[in-house]
Amino acid sequence: MIGLIGKKVGMTQTFDDSGLLTPVTVIEIKNNYVIAQRKADKEGYNAVLLGAYEMKKKRVKKPYSGQFPENITPKKHLREIRDFDIDCNIGDKLGIELLEDLRFVDIIGTTKGKGYQGVVKRHGFRGGKRSHGSKFHREAGSTGMAASPSKVYRGTGMPGRMGAERRTVQNLRVVKVDKDKQIILVKGAVPGRRGGLVIVKNAKKKE
Amino acid sequence: MELIKAVEAKQMKENAENFNVGDTIKVYFKIVEGATERIQVFEGLCIAKKHGGLRETFTVRKISYGVGVERIFPLHSPRIEKIEVVRRGRVRRAKLYYIRKKVGKAAKVNELITSKK
């Protein structure tokens, strides 16, 4: 498993050689630092702790800064990547060159918050007719049966807060890796807003 | 946003935009048929330009055998060989969608006459 912390920059399009347009998402992957290692014999699993993006100095609290190795300034974002394939030591700088040979990636992000939403948007209920005398438009309708079971089953779709959840998109094709600009272009959309934190991993189900 | 612009800049054509809405233009478009490649010319009135940067597109409208035909081209497409302006038009709006409902003389765009300096 290879994984790096990045930031979604936004979307655009690219032309390929035959003139076909591909929609792409631009993801910026700046220097990731290895902050710590998790070992199976001590923590029970293998992982590396990566940190990325500088913090404002006044925002760094002492307990937080204590976990960073001496030669590394505190980083804003920390993520553990399990079973990291590449040999690295604490303090190493990892960058976009790890992703250069990949053809497909999985991307983890936090989706945009949608607020309090009804069942049509949140759970894909079909809703009722909008006209022709119908008085049933976007309601949830019945949520259960009768005296038996005389309760609403757990997991029944109801209105509520939607979005702002961790989501993984699998098998996004890598269109281009630009080492100078430290960006990677992947085909299609990626969860989250522009500027949102994403984790780029090698595709689990391809190759 | 600067990064997006930088990504797009590489693929953008220079001086791609040598025409305006209202102009009658000829689009030389490369068509790939299996192994062979040929150039098809689409001539008509540019009635709209949309989006910006690399994503910019333009719509060309012509009357073909009495039927209105509109085609949308990506401005920076590598398959556009060149764009030729046949006639400059004098228009007062950015989108000429009203032309779709006009026939005959009403569907005409006056020629742009610029004074010589």
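Residues numbered from 1 in each chain as written. Chains lettered and ligands numbered in written order. Predicted model: local features only at pLDDT ≥ 70, side-chain atom pairs only at ≥ 80, totals over all residues. Heavy atoms only, no water.

J.: Teacher, can you tell me more about the overall build of chain A here?
T.: Per the secondary structure count, chain A includes 2 helices and 12 strands. For chain A, the sequential pattern of α-helices and β-strands runs β-β-β-β-α-β-β-β-β-α-β-β-β-β. What you see for chain A is a C-alpha radius of gyration of 22 Å, clearly larger than the 17 Å of a compact globule of 207 residues, by over 25%. With the principal axes as the frame, chain A shows a C-alpha extent of 70 × 50 × 40 Å. Within chain A, the fraction of its 207 residues that count as buried is 38%. Within chain A, residue pairs in contact and separated by at least 24 positions form 68% of the contacts whose partners lie at least 6 positions apart. Element-wise, carbon and sulfur atoms account for 47% of the exposed surface of chain A, whose accessible area totals about 13000 Å². (Helix = DSSP H or I, 4+ residues; strand = E, 2+ residues; numbered from the N terminus. Rg over C-alpha atoms; globule rule 2.2 N^0.38 Å. Buried < 20%, exposed > 50% of the residue type's maximum accessible area, 1.4 Å probe, protein only. Contact = heavy atoms within 4.5 Å. Areas by Shrake-Rupley, 256 points an atom, 1.4 Å probe, with all protein chains shown as cover.)

J.: So what exactly am I meant to see when it comes to the domain arrangement of chain A here?
T.: The extent of an interface is frequently quoted as the accessible surface area lost upon association of the parts. Residues and elements named next belong to chain A. Along its sequence, chain A is organised into domain 1 (3–113 + 165–202) and domain 2 (114–163). Using C-alpha coordinates to define each centre, domain 1 is positioned 38 Å away from domain 2. In total, about 290 Å² of surface goes out of reach between domain 1 and domain 2, with carbon and sulfur atoms giving 50% of it. The largest per-residue losses of area from domain 1 upon contact with domain 2 belong to K112, G113 and E165, which jointly make up 94% of the total buried on that side. (Domains from an automatic or database assignment. Buried area = accessible area lost by both parts, 1.4 Å probe.)

J.: Explanation requested: the nonpolar core in the structure shown.
T.: One recurring pattern in soluble globular proteins is that nonpolar side chains are buried together. In this structure, A:I27, A:L99, A:I107 and A:I184 are the most contacted members of the largest nonpolar core, which totals 31 residues. Breaking this core down by element, the ones donating at least two residues are strand 1 (3–15), strand 4 (47–54), strand 7 (104–110), strand 10 (166–178), strand 11 (183–187) and strand 12 (197–202) of chain A. Apart from the residues lying within four places of it in its own chain, the contact partners of A:I27 are A:G6, A:K7, A:K8, A:V9, A:I107, A:Q182, A:I183, A:I184, A:V186, A:V190, A:V198 and A:V200. Grouped together as the second largest cluster of nonpolar side chains are 21 residues, B:V21, B:F58, B:V60 and B:F73 included. (Core = buried A, V, L, I, M, F, W, Y, C linked by side-chain atoms within 4.5 Å.)

J.: Explain a positive patch on the surface to me, please; I cannot follow it from the model alone.
T.: All names here are of chain A. Together, K112, K114, K121, R130, R138 and R194 make up a positively charged patch on the protein surface. For R130, the position within the fold is in the loop between helix 2 (119–123) and strand 9 (160–163). Of the residues examined, R130 reaches a relative accessible area of 80% and is grouped as exposed. (Patch = residues over 30% accessible without salt bridge, like charges linked within 9 Å, V, L, I, M, F, W, Y side chains within 5 Å. Salt bridge = Lys/Arg side-chain N within 4 Å of Asp/Glu carboxyl O. Lys, Arg positive; Asp, Glu negative; His and termini not counted. Charge placed at Lys NZ, Arg CZ, Asp CG, Glu CD.)

J.: Where do I start with the packing of aromatic side chains in this structure?
T.: Working definition: an aromatic ring pair is given by the centre-to-centre distance plus the angle between the planes. All names here are of chain B. One pass over the full model with this rule turns up 5 aromatic pairs over all chains. Ring-pair connections join several aromatic residues into one group, and the members of that group are F19, F29, F42, F58 and F73. Positioned above the aromatic ring of F29, the side-chain terminus of R71 is 4.9 Å from the ring centre. (Phe/Tyr/Trp six-rings, centres within 6.5 Å; stacked < 30°, edge-to-face > 60°. Lys NZ or Arg CZ within 6 Å of the ring centre and 35° of its normal.)

J.: Help me out: how do you make sense of the interface of chain B and chain A in this one?
T.: The interface of chain B with chain A comprises 15 residues on the first partner and 20 residues on the second. Buried surface at the junction of chain B and chain A, summed over both partners, amounts to about 1400 Å²; 68% is from carbon and sulfur atoms. Among the residues chain B hides against chain A, the three largest losses belong to B:L3, B:I4 and B:V7. Together they make up 37% of the total. If you look at where chain B meets chain A, you find 1 salt bridge. The partner of B:K10 in a salt bridge is A:D178, and the shortest N-O contact between them spans 3.5 Å. Counting residues per element, the side of chain B that touches chain A draws most heavily on helix 1 (residues 2–9) of chain B, at 5 residues. Counted by class, the side of chain B that touches chain A contains 8 nonpolar, 3 polar and 4 charged residues. (Nonpolar A, V, L, I, M, F, W, Y, C, P; charged D, E, K, R; others polar.)

J.: How do you make sense of helix 1 of chain B when you look at a structure like this?
T.: For helix 1 of chain B, the set of buried residues is B:L3, B:I4, B:V7 and B:E8. All buried residues of helix 1 of chain B fall inside an arc of 135 degrees around its axis, so they share one side. Of the exposed residues in helix 1 of chain B, the ones pointing more than 90 degrees away from its buried face are B:E2 and B:K5. Tucked into the core, helix 1 of chain B has its buried residues touching strand 1, strand 2 (21–28) and strand 11 of chain A. (Arc of directions from axis to C-beta.)

J.: Please clarify how the pairing of strand 2 of chain A should be interpreted in this entry.
T.: Remark: a regular strand shows side chains that alternate across the two faces of the sheet. All names here are of chain A. For strand 2, a buried count of 6 out of 8 residues is recorded, marking the element as mostly surrounded by other parts of the structure. Of the strand pairs in this sheet, strand 1 and strand 2 are connected by 8 bridges, and their pairing is antiparallel. By the bridge assignment for strand 2, Q13 is matched with P23. When strand 2 meets strand 11, the two strands line up antiparallel, connected through 5 bridges. Looking at the pairing, V24 lines up with K187 of strand 11. (Pairing = 2+ DSSP bridges.)

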